[in-house]
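Each chain is listed here by its residues.
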Amino acid sequence: MTFELLILAAGAVLVLDTSTSRVVVAYVVVVAIVGHFAAASTLHAPLALAFFSISFFLKAIVAPIGIWTFARRNAAARNLRPAVDLPIRLVVVLALAFGSQYVPHVPGLAPIPMVGTIAYIMLCSFAVLVIQRNLLAQVIGLLVLSAGVTLAAVMSAPQLPEAVELGATFDALVVTFIGLTLVRAFLTHHPLLDIESLRSLRG
Amino acid sequence: MTWLVVISPLLAALITMLFRPLDVRRTARVVFSSAAAAMPLTLIGKVDWLSLLFAGIVSSISLLATIFSTGMYSVDWGRGQALWTRKSIYFVLLAIFWSAMLLVVLATNFGLLWFGIAATTLATAFLVGFSGEAAALEAAWKYLVLCSVGIGLALLGIVLLGRVSLEEGLDPAQALAWGAITQHHVSSAVPLASLATAIMLIGFGTKAGLVPMHAWLPDAHSKAPAPISGLLSGVLVSCSLYAIMRTATVASALGAGDSFRQLLLGFGVASIIVAGALMLVQRDLKRLLAYSTVEHAGIVALALGFGGPLGQFAALFHVVAHAFAKSAAFFTAGLVQSASGTTTLSELKGLWNGGLPGRFLLGALAALGGMPPFALFVSELLLVAAGIAAHQWIALGLGAFGIVLGFAALTRATIAIESGHAPAEPPLAQRFSPPLSRLSIGAAAAALTCAVAFAVVPWTSLGATFAAIARGIGKMP
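Within each chain, residues carry numbers counting from 1 in the order of the written sequence. Chains carry letters from A onward and ligands carry numbers from 1 onward, assigned in written order. Since the coordinates come from a predicted model, pLDDT governs what is reported: local features require at least 70, and pairs of side-chain atoms require 80 or more to be given and counted, while whole-chain, interface and lining totals use all residues.

**A look at the overall build of chain B**
Runs of H or I in DSSP of at least four residues are treated as helices and runs of E of at least two as strands, each being numbered from the N terminus. Secondary structure assignment for chain B yields 18 helices and zero strands. All radius of gyration figures rest on C-alpha atoms, and the globule criterion is 2.2 Å times the number of residues raised to 0.38. Over its C-alpha trace chain B gives a radius of gyration of 21 Å, about what one expects of a compact globule, namely 23 Å for 477 residues. Residues with at least 20 neighbouring C-beta atoms inside 10 Å of their own are called buried, those with 12 or fewer are called exposed, and the rest are partly exposed, where every C-beta is derived from the backbone. Residue burial in chain B is summarised as follows: out of 477 residues, 64% are buried. For the purpose of contact definition, each residue receives a C-beta atom placed from its backbone, and two residues are in contact when these atoms lie within 7 Å. Pairs at least 24 residues apart make up 81% of the contacts formed inside chain B by residues separated by at least 6 positions.

**Examining the overall build of chain A**
When you go through chain A residue by residue, the secondary structure sums to seven helices and zero strands. Traced from its N-terminal end to its C-terminal end, chain A shows the element sequence α-α-α-α-α-α-α. Here the C-alpha atoms of chain A give a radius of gyration of 17 Å, agreeing with the 17 Å that 2.2 N^0.38 yields for 203 residues. Along the first, second and third principal axes, the C-alpha set of chain A runs to 45 × 35 × 35 Å. Burial status across chain A gives 52% buried among its 203 residues. Counted over contacts in chain A with a minimum sequence separation of 6, partners at least 24 positions apart contribute 74%.

**Some words on the nonpolar core**
Residue and element names in this part refer to chain B. Linking buried Ala, Val, Leu, Ile, Met, Phe, Trp, Tyr and Cys residues through C-beta atoms within 7 Å yields a set, and such a set is a nonpolar core. If you look at the biggest cluster of nonpolar residues, it comprises 274 residues, and the most contacted ones within it are A447 and A451. The leading source of residues in this core is helix 6 (residues 134–167), at 21 residues. Beyond its immediate chain neighbours, meaning those up to four positions away, A451 contacts A321, F324, A325, A328, A367, F374 and A375.

**As for the packing of helix 6 of chain B against helix 8 (residues 190–208) of chain B**
Residues and elements named next belong to chain B. Helix axes use the C-alpha atoms of the stretch in contact, all axes being lines fitted to C-alpha atoms, and the angles between their N-to-C directions lie in the range 0 to 180 degrees. Across the interface, helix 6 lies against helix 8 with an axial gap of 7 Å and an inter-helix angle of 155°. With respect to helix 8, the element helix 6 is oriented roughly antiparallel. Of the two possible hands of crossing, helix 6 and helix 8 adopt the one that is left-handed. Comment on the angle field: the value is read as roughly parallel under 35 degrees, roughly antiparallel over 145, roughly perpendicular from 65 to 115, and oblique elsewhere. Crossings are assigned a handedness: left-handed for a near helix turned anticlockwise from the far helix by less than a right angle, right-handed for a clockwise turn.

**Let's talk about the interface of chain A and chain B**
Counting residues at the interface gives 32 residues for chain A, matched by 38 residues for chain B. Elements represented by at least two residues in the side of chain A that touches chain B include exactly helix 6 (135–156) and helix 7 (161–189) of chain A. It is helix 7 of chain A that contributes the most residues to the side of chain A that touches chain B, 14 residues altogether. Basically, the charged four are Asp, Glu, Lys and Arg, the nonpolar ten are Ala, Val, Leu, Ile, Met, Phe, Trp, Tyr, Cys and Pro, and anything else, Gly included, counts as polar. Looking at the side of chain A that touches chain B residue by residue, the class counts come to 21 nonpolar, ten polar and one charged.

**Considerations on helix 6 of chain A**
The end-to-end C-alpha separation of helix 6 of chain A is 32 Å, in line with the 32 Å expected for 22 residues at 1.5 Å each. Of all 22 residues that make up helix 6 of chain A, 22 are buried, and the element is covered over most of its length. Each helix should span, by expectation, one fewer than its residue count multiplied by 1.5 Å.

**Topic: the environment of A:A163**
Structurally, the position occupied by A:A163 is in helix 7. A C-alpha to C-alpha distance of 9.4 Å links A:A163 and A:F51, two positions 112 residues apart in sequence. Setting aside anything within four residues of it in sequence, one finds A:A163 in contact with B:G111 and B:L176.

**Section: the packing of helix 7 of chain A against helix 5 (residues 110–128) of chain B**
In a pair of packed helices, the angle between the axes and the distance between the axes together describe the arrangement. Where helix 7 of chain A contacts helix 5 of chain B, the two axes come as close as 10 Å, and the packing angle between them is 10°. In terms of their interaxial angle, helix 7 of chain A and helix 5 of chain B are classed as roughly parallel. Together, A:A163, A:L166, A:G167, A:F170, A:D171, A:V174 and A:I178 of helix 7 of chain A and B:G111, B:W114, B:F115, B:A118, B:T121, B:L122 and B:A125 of helix 5 of chain B make up the contact between the two elements. Of the residues in the contact of helix 7 of chain A with helix 5 of chain B, the class split is ten nonpolar, three polar and one charged.

**Points about the confidence of the model for chain B**
All names here are of chain B. Along the chain, pLDDT gives the predictor's confidence residue by residue, from 0 to 100. When pLDDT is averaged along chain B, the result is 88; 93% of the residues meet or exceed 70. The low-confidence segment residues 75–79 (pLDDT under 50) makes eight contacts with residues lying over four places distant or belonging to another chain. Here the predicted complex carries an ipTM of 0.93, next to a pTM of 0.92.

**A look at unusual backbone geometry**
Looking along the chain, the bond that leaves B:V211 and enters B:P212 is cis, with omega of 15°. In this model, B:P372 is joined to B:P373 through a cis peptide bond whose omega is 10°. Structurally, the position occupied by B:P373 is in the loop between helix 14 (356–368) and helix 15 (375–389). Of note, A:R81 is a non-glycine position whose phi angle comes to about 45°, a positive value. Along the chain, A:R81 falls in the loop between helix 3 (46–73) and helix 4 (86–100). Note on A:R81: 17 C-beta atoms within 10 Å, which makes it partly exposed. Phi at B:H391 is positive, roughly 55°, even though this residue is not glycine. Relative to the assigned elements, B:H391 resides in the loop between helix 15 and helix 16 (393–418).

Structure representation (structure tokens):
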């Protein structure tokens, strides 16, 4: 229950807050809780444990440090510049929190532990991707989605730790490595790192 | 042995880098890549025919893209400053892309297949943004974000599928293997199986460019270098459709086949109509071709949705025919772009009189429009027959309407760019420095030849082989 409340709070910060640093902290909280459950399922499988270690290192250390570095060097990147005002974001968070409580009623999903929390994490990741305009927030949104998928995997198929952790590791590697590399390349063209500047390709 | 086949393109690229003189390196690249492309032949009898067929498509078109790149980029090269915009890195990324796609089609379970699909993102995001220009980076970013969401959802679907397998008593080592799942005939967890396969379809469908998950595709395919566009449209989309075919097999085995086919019909019809309509308003040749890819992915989804032996045959045949036609179209578009400096349709005139690339482009556009004697004409006829056999009149009618829109868009563009007089400049073919330009033109010609040659397949002994492979899609063995 404590973990679920923590995730509820962290998810709210991800959607509501405008500070890159605080959102990164909220992201780390989500990853740490997911890591807590994932670690338990990998203890008896050395290969899975190795993948989990790499995955956790990438998600909880490399990615936050990378994002913090960008935010520290570029003042414009310290604000996530949400596309909608706070009241609307608050309504979104409430809708996600209440909506996710209905997911256990979807046929076939009820037996999966913490399925409402899993849904809440994934819905929050989509909300971050849609609402926050800063490119760094998009990287965070993808990483939160990856954390949600990892938790879903750990809870629904704990007998497949190798496959789950291999997937989680590679997902984190792709998002962290490519995302931060592209953000770095973007700085020369769009110093604000604003998603609104990526509108030249349309139609 | 399978692993050796998968990594052979990467090994070929790394060995090629050891050669210092540029001429020797180019020759070595063609030789070693050809050897890597022949490697799937060593798997005859060791993997199933569907995997082998797709491995053949991946290797042959990747080889053509490598040859095309070797010829084309010996003259002009990217001017970006980032490490990943360098020429040597380009060929390594291309080889990683090739290897990842081989992994997708040679995997025997959804875990490895997903890993291959995710690995393609690693290489292609940089290849899409290879020029380092703002628009290319924008396309790469959209590609990364949307495809990461897609592969994330695909992973979610796969773990839910794993849960279904485990609940039915499958060994954890076999829980994600489609061979084991289909033989086990599990059916007591239909709701979860339906949900899992639907999420997998959305995930893989994102990578295949099915509407409404297609938003990244026109940007990425139009902004990538021409040979990469050819690979993205011709092969990566085919690999994603291959993943959907494997998912369809499992969905049928788990009792979720009907709902899966309904979803395929919906995605297929939406893709064909939306892409066909948007093709009519395109002003850029490569973007027009990219939307054509969305349309053709929709045609394959529609054929799979029709189901039955005819629908499955049409889907499989269309994937192969489209792979060669679309890569030929992007290769020739690249030649045209290199010669004229633009892909804007209103600025391209008299290409027919401009030399071989313009004439090849005419052929490629005719192929994509589904005109005889190209293989896509045959596969679209098969699609109509499959729709009639399945009594899916509404889906067939809507699909046919979308195909007509796409045909009209391609015909209008073809007439506009091929007719008239070319600007008073030398013919296109003369602008490339021989002999390397011949490599690029040869690669485009080879792809186009395959797009014609496959038209006769249904009437040869290979047609029976195709039919046998197709029967394995969407139903239990």
